[in-house]
Amino acid sequence: MQITVIGCGYVGLVTATCFAEMGNRVSCVDTSTQRINALQRGEAPIFEPGIEALITTNLRAGRLAFSTDTAGACSRAEVIFIAVGTPSAADGSADISQIVAVASELGRTLDQPAIVVCKSTAPVGTACRVQSVLDHQCQRRQVAWQHRVVSNPEFLKEGAAIDDFMRPDRVVLGTDDADAERVMRALYEPFVRNHDRILCMSRRAAEMTKYAANTFLATRISFINEIASLCEQLGVDVEEVRKGIGSDQRIGHHFIYAGCGYGGSCFPKDIRAMLQMAAQYDMPMPILHSVEARNQQQKTWPLRMLKRELGNLHGRTLAIWGLAFKPGTDDIRDAPSLVLLDALLAGGSSVQAFDPAASDNIAQRYPEAVKEGQLKLLQDPYAALNNADALVLLTEWKQFRQPDFHLVAQRLRTPLVIDGRNQYDPQTMASLGLRHVGVGRQVAP
Ligand code: NAD
């Protein structure tokens, strides 16, 4: 099939490369010339395991092309995916202006009927809005055909995005148009060969499914974080409780790890968007309000623990391992690391940090602190520990799971480890002379 993907971010690039890998011809468009130039050279502008190899292979095979020219890239497309950003507006609602702008451009320039797919996460009613924008332009241009708009939310996880896209748990298609459904089913068929995992529903239900999924996962995280806080007070180890409840098949082990809060480009903004959708109907959503409030509080946990253990942090040097909002990505949007860095840098501490992928993004966010040497972004995790008063673990990259604790103890000025992802065993740490503070765990005496 001839496909165009508009937006070369995490979702657009993965969508485009995976469809190309299945043999489709895919054109990708982005407004960022810098991004497109890099992609044309076969360089991925984002960190996502496996993406660069897919780009290179499919570029060479002639199945993938990158451009800044939307009209040109769409001129022969049967299916056009919109995968642009839907950031939070000032009031917390999802800002769909990028989607509407793309829809207007498509309506003005498309010279053939196409299936236009909303891949971005967007509030209930957005696909209908895109349909009316396109219909309006078709009427204005007095063309005989109509575009068909499908909602097809994306469920990939950054860090495992290619695998998620290639082997989806399910593909949600929101459409009541039989022909659009047939084409979309055919497009996704290679990805769901083993089991029929395609769920077809109304456009509004598809949009709501995405928000309900993300807010439910966020709810599980805030729930276990709340339990962890009580565990801390009661002298209970939340890790034992986690295993105890996770083994119940109705609960399962996913998304019940206590930690220093969720971040990323999706959960925080999607909760805010859901709350705004409800606010339009004067409908309170106390559960989701609490999920968000608990997460805000949880992101301050590392700072609170540092203060509890070290007192005044002014003039202290702190080491941080992990800056990305989760392992496997360079994405720092709404990451817990930002809350800690903001507070430490404003409070006069020095920070020595290491992250395998996110340091460039952090450097762009804190240029002054980097320039003045208050924030050092290091290439070696152990170099970050030199003369530091504590190590704070914020992202559970695999390489942090079994570090050389002897070296950790040797390099730190104070043998304190604030374990924001519950990666380490308190007893083992104690035996090595390291004071370990975990989330909802007991500090060994
Ligand atoms: P992103 O910010 O990484 O990428 C968006 C891209 O769209 C940018 O490169 C931007 O330059 C481009 N763009 C904006 N306007 C454009 C236009 N008019 N024409 C062409 N390109 C344009 O965003 P993302 O993380 O890929 O997310 C995209 C959408 O998918 C969001 O709605 C998000 O909520 C949703 N989503 C994201 C994830 C994730 O893990 N990142 C997962 C599922 C769903």
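What you see as residue numbers is a count from 1 along each chain, following the sequence as written. Reporting of local features is limited, given that this is a predicted model, to residues whose pLDDT is at least 70; pairs of side-chain atoms are given and counted only at 80 or more, and all residues count toward the totals for whole chains, interfaces and linings. To get the side-chain values, take all heavy atoms of the structure and skip hydrogens and water.

A. Spotlight on the sheet that holds strand β11 (residues 375–377). By definition, two strands form a pair when at least two bridges between them are found by DSSP. Strands are runs of DSSP state E lasting at least two residues, helices are runs of H or I lasting at least four, and both sets are numbered from the N terminus onward. The strand order across the open sheet formed by six strands is β11-β10-β9-β12-β13-β14, and the pairing between neighbours is parallel. Of all strands in the sheet, those bounded by a partner on one side alone are β11 and β14 (435–438). Strand-to-strand, the axes of this sheet are offset by a mean angle of 20 degrees, without reference to chain direction. Here strand β9 (residues 317–321) pairs with strand β12 (residues 390–393) via four bridges, running parallel. Following the sheet pairing, I320 is matched in β12 by V392. Set on the sheet, helix α13 (residues 301–310) makes contact with β9, β12, β13 (416–419) and β14; between it and β13 the angle comes to about 155 degrees. Packed on one face of the sheet, helix α14 (residues 336–346) meets β9, β10 (350–354), β11 and β12 and runs near 165 degrees to β9. Inter-axis angles, ranging from 0 to 180 degrees, are taken between N-to-C directions of lines fitted to C-alpha atoms, where helices are fitted over the stretch in contact. Pairs of residues are marked as contacts when any of their non-hydrogen atoms sit within 4.5 Å.

B. Examining the domain arrangement of the protein more closely. Domain limits in this description derive from either an automatic procedure or a database domain assignment. Along its sequence, the protein is organised into domain 1 (2–200), domain 2 (211–296) and domain 3 (300–438). Between domain 1 and domain 2, the contact holds 14 residues from the first and nine residues from the second. For the pairing of domain 1 and domain 2, the buried interface totals around 830 Å² over both sides, and the portion due to carbon and sulfur atoms is 57%. Among the residues of domain 1 in contact with domain 2, S88, G92 and T121 are the three that bury the most area, contributing 39% of the side total. Definition used for salt bridges: Asp or Glu carboxyl oxygen within 4 Å of a side-chain nitrogen of Lys or Arg. Seen at the junction of domain 1 and domain 2, the total is zero salt bridges. For this analysis, a polar contact is any N or O atom pair within 3.5 Å, provided that within protein one partner can donate a hydrogen and the other can accept it, and provided that sequence-adjacent residues contribute only side-chain to side-chain pairs. The tally of links from domain 1 across to domain 2 stands at four residue pairs in polar contact (both at pLDDT 80 or more). Basically, the charged four are Asp, Glu, Lys and Arg, the nonpolar ten are Ala, Val, Leu, Ile, Met, Phe, Trp, Tyr, Cys and Pro, and anything else, Gly included, counts as polar. Among the residues making up the side of domain 1 that touches domain 2, the classes are represented as six nonpolar, five polar and three charged. In this description, buried area is defined as the sum, over both parts, of the accessible area (probe of 1.4 Å) that is lost when the two are combined.

C. Region of the structure containing a nonpolar patch on the surface. Like-charged residues within 9 Å of one another, or nonpolar side chains (Val, Leu, Ile, Met, Phe, Trp, Tyr) within 5 Å, are grouped into patches, provided each residue has over 30% relative accessible area and no salt bridge. Each accessible area is a Shrake-Rupley result for a 1.4 Å probe, and residues are judged covered by the shown protein chains and nothing else. A cluster of nonpolar side chains, namely L230, L234 and V236, defines an oily patch on the protein surface of about 270 Å² accessible area. As for its placement among the helices and strands, L234 is situated in helix α9 (residues 203–234). By relative accessible area, which is 58% here, L234 ends up exposed. Only protein chains enter the accessibility calculation, which uses a 1.4 Å probe; a residue whose area is less than 20% of its type maximum is buried, one above 50% is exposed, and one in between is partly exposed.

D. Region of the structure containing the site of the ligand. Nearness is judged by heavy atoms alone; a residue qualifies as near a molecule or strand once a single heavy atom is within 4 Å of it. In the neighbourhood of the ligand, 26 residues make up the surrounding shell, with V11, D30, T86, E158 and K269 lying closest. Y10 places a polar main-chain atom, nitrogen or oxygen, 3.0 Å from an oxygen atom of the ligand. Between the ligand and the protein, one listed contact pairs an oxygen atom with a backbone N or O atom of V11 at 2.9 Å. With the chains in place, 87% of the 830 Å² that the ligand exposes on its own is no longer accessible. Listing elements by their share of the shell around the ligand, those giving two or more residues are α1 (10–21) and α5 (97–109). Domain assignment of the residues forming the shell around the ligand places at least three in each of domain 1 (2–200) and domain 2 (211–296).

E. Quick peek at the nonpolar core. Membership of the largest hydrophobic core comes to 58 residues, with the highest contact counts inside it found for L306, I320, W321, L341, L344 and V408. For this core, the secondary structure elements donating two or more residues are α9, α13, β9, α14, β10, β12, α17 (405–411) and β13. Viewed by domain, this core spans two of them, domain 2 (211–296) and domain 3 (300–438), each represented by three or more residues. The criterion is simple. A nonpolar core is a set of buried Ala, Val, Leu, Ile, Met, Phe, Trp, Tyr and Cys residues joined through side-chain atoms within 4.5 Å. Listed in part, the 42 residues of the second largest apolar core include Y10, V26, L156 and V183.

F. Examining the state of the cysteines more closely. Criterion for a disulfide: a pair of cysteine sulfur atoms within 2.5 Å. Summed over the entire model, instances satisfying the criterion amount to zero disulfides. We note that C8 lacks a disulfide partner, and the nearest cysteine sulfur, in C28, lies 4.5 Å from it. For C8, a relative accessible area of 0% gives the class buried.

G. Structural view of unusual backbone geometry. For F255, which is not a glycine, the phi torsion comes out positive at approximately 60 degrees. Residue position: F255 is located in the loop between α10 (238–246) and α11 (267–279). A positive phi angle, close to 55 degrees, is found at D282, a residue other than glycine. In this structure, D282 sits in the loop between α11 and α12 (286–299). You can call D282 exposed: its relative accessible area is 71%.

H. Geometry of the side chain of E154. Structurally, the position occupied by E154 is in the loop between β6 (148–151) and α7 (161–166). Within the local environment of E154, its side chain forms a polar contact with the side chain of K119, the two groups lying 2.9 Å apart. Here E154 is in contact with V11, K119, F165 and K210, once residues within four sequence places are set aside.

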